[in-house]
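Structural description and commentary
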Amino acid sequence: MKKTLNTLGILALSAGLFFACNQTAPTTTEGGESEVMSVSEMKLAFVKTDSVINKYEYFKTKSEEITEKGKRFEGELQSRARGFEQEVANFQQSAASMTMNQARAKEEELVKKEQNLMTYRNNLMQELSADEAGLYNDVYEKIQTYMKGFAEENGYTMVLSYTRGGAVWYANDAIDVTDQVIEGLNKAYNTTPTDSVK
């Protein structure tokens, strides 16, 4: 599950960060007219998206919480499944001593219990999926907010999101601000209280 979290989330966040940051920056002249900034006037930087996400303490903490919740759900599901299997085994052993109507009623009861078990499993999976989606949305918002302030503070016109196979095929390491961003995000996270993932 953790691998899925990382892979899907990194792709989603990469796309979001790229589109959010990939906008031409208009400037305003003294007369109040808007003009498009030329490429030579732009100050660019990039971040390695997977590194930012994987080293962001907030993401790591919340991912671990979701993973623990998943393990708890798995334990509950296995416990219920074992109980159901035991009931089926008991029925198979005692079916010969039952009347046809009793056996049919017990079979119907077991079918209903199996359906309830499947519904329970699906509900747990949906809850975990919602937690994961919520986490990625939250992480995206936090990184986006931080990046806006970071870019303004450092005079960057645009900060690109770099992922292998993404839209940026080459960028000079001199404009790689990944470590600065990770440090800043973690500093901000560690100085503000956060809510647990429910």
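Sequence order sets the numbering: in each chain, residues are counted from 1 along the sequence as written. For a predicted model such as this one, the threshold for reporting local features is a pLDDT of at least 70, and the threshold for listing and counting side-chain atom pairs is 80 or more; totals across whole chains, interfaces and linings nevertheless cover every residue. Hydrogens are left out, water is left out, and the side-chain values use all remaining heavy atoms of the structure.

Where we set the bar: UniProt positions are given in the numbering used here, feature names are shortened, and annotations may be inferred rather than shown by experiment.
Looking up the protein in an unreviewed UniProt entry gives the name OmpH family outer membrane protein, with the organism given as Algoriphagus namhaensis. The record held by UniProt for the protein lists under Sequence similarities (unreviewed entry) the comment "Belongs to the Skp family."

**Here we look at the overall build of the protein**
Here is the rule: Runs of H or I in DSSP of at least four residues are treated as helices and runs of E of at least two as strands, each being numbered from the N terminus. We call two residues contacting when some pair of their heavy atoms lies within 4.5 Å. Only the protein chains shown count as cover for residues, and the accessible areas themselves come from Shrake-Rupley with a 1.4 Å probe.
Within the protein, the secondary structure is distributed over five helices and four strands. The contacts in the protein between residues at least 6 apart in sequence include a share of 84% that link residues at least 24 apart. Taken as a whole, the protein presents about 12,900 Å² of accessible surface, with 51% of it coming from carbon and sulfur.

**Structural notes on the environment of Phe-91**
Secondary-structure assignment places Phe-91 in helix H3 (residues 57-94). Ignoring sequence-local partners within four residues, the contact set of Phe-91 consists of Met-98, Ala-103, Lys-106, Glu-107 and Leu-110.

**A few points about helix H4 (residues 100-154)**
Two residues of an α-helix separated by three or four positions point the same way, owing to the 3.6 residues in each turn. Going by this rule: Every helix has an expected span of 1.5 Å times one less than the residues it contains.
With 55 residues, H4 ought to run about 81 Å at 1.5 Å a step, and its terminal C-alpha atoms sit 80 Å apart, in line with that. Positive backbone phi, at 70 degrees, marks Gly-155, one or two positions downstream of H4.

**Quick word on the nonpolar core**
Here is the rule: Joining through side-chain atoms within 4.5 Å is the link that ties buried Ala, Val, Leu, Ile, Met, Phe, Trp, Tyr and Cys residues into a set, and such a set is a nonpolar core. Under the scheme applied here, a residue whose accessible area is under 20% of the maximum for its type counts as buried, over 50% as exposed, and between as partly exposed, the area being computed with a 1.4 Å probe on protein chains only.
Tyr-56, Ile-143, Val-159, Val-177 and Val-181 are the most contacted members of the largest nonpolar core, which has 26 residues in total. Those elements giving two or more residues to this core turn out to be strand S3 (44-48), helix H2 (49-55), H3, H4 and helix H5 (178-191). Broken down by element, this core gets its largest block of residues, ten residues, from H4. For Val-181, the contacting residues outside a window of four places in its chain are Val-47, Val-52, Tyr-146, Met-147 and Phe-150.

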